[in-house]
Amino acid sequence: MKVRKFVPKDLKRVFEIENMSFDQSYGISMFQQLYEMGIGFLVAEKNDYVIGYVMFWVKYENQGHIISIAVDKNYRRQGAGTELLIRAISILSMLPIDAIYPGYYEGGEGAIIMYLPVERGKIANK
Ligand SMILES: CC(C)(COP(=O)(O)OP(=O)(O)OC[C@H]1O[C@@H](n2cnc3c(N)ncnc32)[C@H](O)[C@@H]1OP(=O)(O)O)[C@@H](O)C(=O)NCCC(=O)NCCS
């Protein structure tokens, strides 16, 4: 399994994974727009097949946000989610931010909101 930067040819496959993973979808054009805005966007690949993705950015200048993370149902519990999150956190934590938050959903879908305090490249002791 390898993690690499998203490229536009991954769009359809990422959208497929999002659709099977969430009740509410950002919509394919939103993915395209977020990518064009320059958000952090990584995919996990197994044998050249995209099996998961993570999108992240910096909000309010000092908060790292995991916008969305999902792994294809058929490839879960094999460590792809962990690998994607580790890579996103390591990129975000190099920026001058205080903490990293995963996103949450509008509507009925349940969510656990988490945050990880960071200090320039490492997890902070808060
Ligand atoms: C959350 C998600 C990305 C995890 O992806 P994954 O590739 O299965 O994650 P990993 O294999 O790295 O799992 C890491 C650990 O998380 C925990 N975990 C993952 N899925 C779990 C589940 N359904 N129930 C309980 N624990 C779970 C386990 O501790 C697991 O370690 P283990 O397999 O050694 O027990 C995936 O389940 C998913 O796409 N869910 C739907 C979308 C979603 O909820 N995204 C998060 C909010 S944006």
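Everything that follows concerns the structure shown earlier in this document.
Now for a look at the structure at hand.

## Structural notes on helix H1 (residues 11-21)
Link 1 in the chain: Turning to H1, its buried residues number three or more, namely Val 14, Ile 17 and Glu 18. Down the axis of H1, the buried side of the element spans an arc of 100°, and every buried residue falls inside it. More than 90 degrees from the buried face of H1, the exposed residues found are Lys 12, Asn 19 and Met 20.
Link 2 in the chain: Buried residues in H1 make contact with helix H2 (28-37), strand S2 (40-46), strand S3 (49-59) and strand S4 (63-71).

## Side note on the nonpolar core
Link 1 in the chain: Judged by nonpolar contacts, the single largest core of 25 residues is most densely connected at Val 14, Leu 42, Val 43, Tyr 53, Val 54, Leu 84 and Ala 88.
Link 2 in the chain: Of all the elements in the fold, those that place two or more residues in this core are H1, S2, S3, S4 and helix H3 (80-92).
Link 3 in the chain: Looking at which element gives the most residues to this core, the answer is S3, with six residues.
Link 4 in the chain: Sequence-distant contacts of Leu 42, that is, excluding residues within four places in its chain, are made with Val 3, Arg 4, Lys 5, Phe 6, Tyr 53, Val 54, Leu 84, Arg 87 and Ala 88.

## Section: the site of the ligand
Link 1 in the chain: Neighbouring the ligand are 14 residues, the closest being Ala 70, Val 71, Arg 76, Gly 81 and Thr 82.
Link 2 in the chain: Of all the elements in the fold, those that place two or more residues in the shell around the ligand are S4 and H3.
Link 3 in the chain: The residue makeup of the shell around the ligand, split by class, is five nonpolar, seven polar and two charged.

## A look at unusual backbone geometry
Link 1 in the chain: Notably, Asp 48 is not glycine yet its phi reads approximately 65°, a positive angle.
Link 2 in the chain: Residue position: Asp 48 is located in the loop between S2 and S3.
Link 3 in the chain: Residue class for Asp 48 comes out exposed when judged on the 6 C-beta atoms lying within 10 Å of it.
Link 4 in the chain: The backbone phi angle of Arg 77 is positive, close to 60°, even though this residue is not glycine.
Link 5 in the chain: Assignment of secondary structure puts Arg 77 in the loop between S4 and H3.
Link 6 in the chain: Take Arg 77: there are 7 C-beta atoms within 10 Å of it, and that puts it in the exposed class.

Reading the values: the criteria
- For every chain, the first residue of the written sequence is number 1, and numbering continues from 1 onward in sequence order.
- In keeping with the predicted nature of the model, local features appear solely for residues at pLDDT of at least 70, side-chain atom pairs appear and are counted solely at 80 or more, and the whole-chain, interface and lining totals rest on all residues.
- Counting other C-beta atoms within 10 Å of each residue's C-beta, where C-beta atoms are placed from the backbone, gives the exposure class: buried for 20 or more, exposed for 12 or fewer, partly exposed between.
- Going along the chain from the N terminus, every DSSP run of H or I of four or more residues is numbered as a helix, and every run of E of two or more is numbered as a strand.
- Taken from the helix axis, the directions to the C-beta atoms give the arc we talk about.
- This entry defines residue contacts through backbone-placed C-beta atoms, with two residues in contact when those atoms are within 7 Å.
- Put simply, a nonpolar core is a cluster of buried Ala, Val, Leu, Ile, Met, Phe, Trp, Tyr and Cys residues tied together by C-beta atoms within 7 Å.
- Proximity of a residue to a molecule or strand is defined by its backbone-placed C-beta atom lying within 6 Å of that partner.
- Amino acid classes used here: Ala, Val, Leu, Ile, Met, Phe, Trp, Tyr, Cys and Pro are nonpolar; Asp, Glu, Lys and Arg are charged; the rest, including Gly, are polar.

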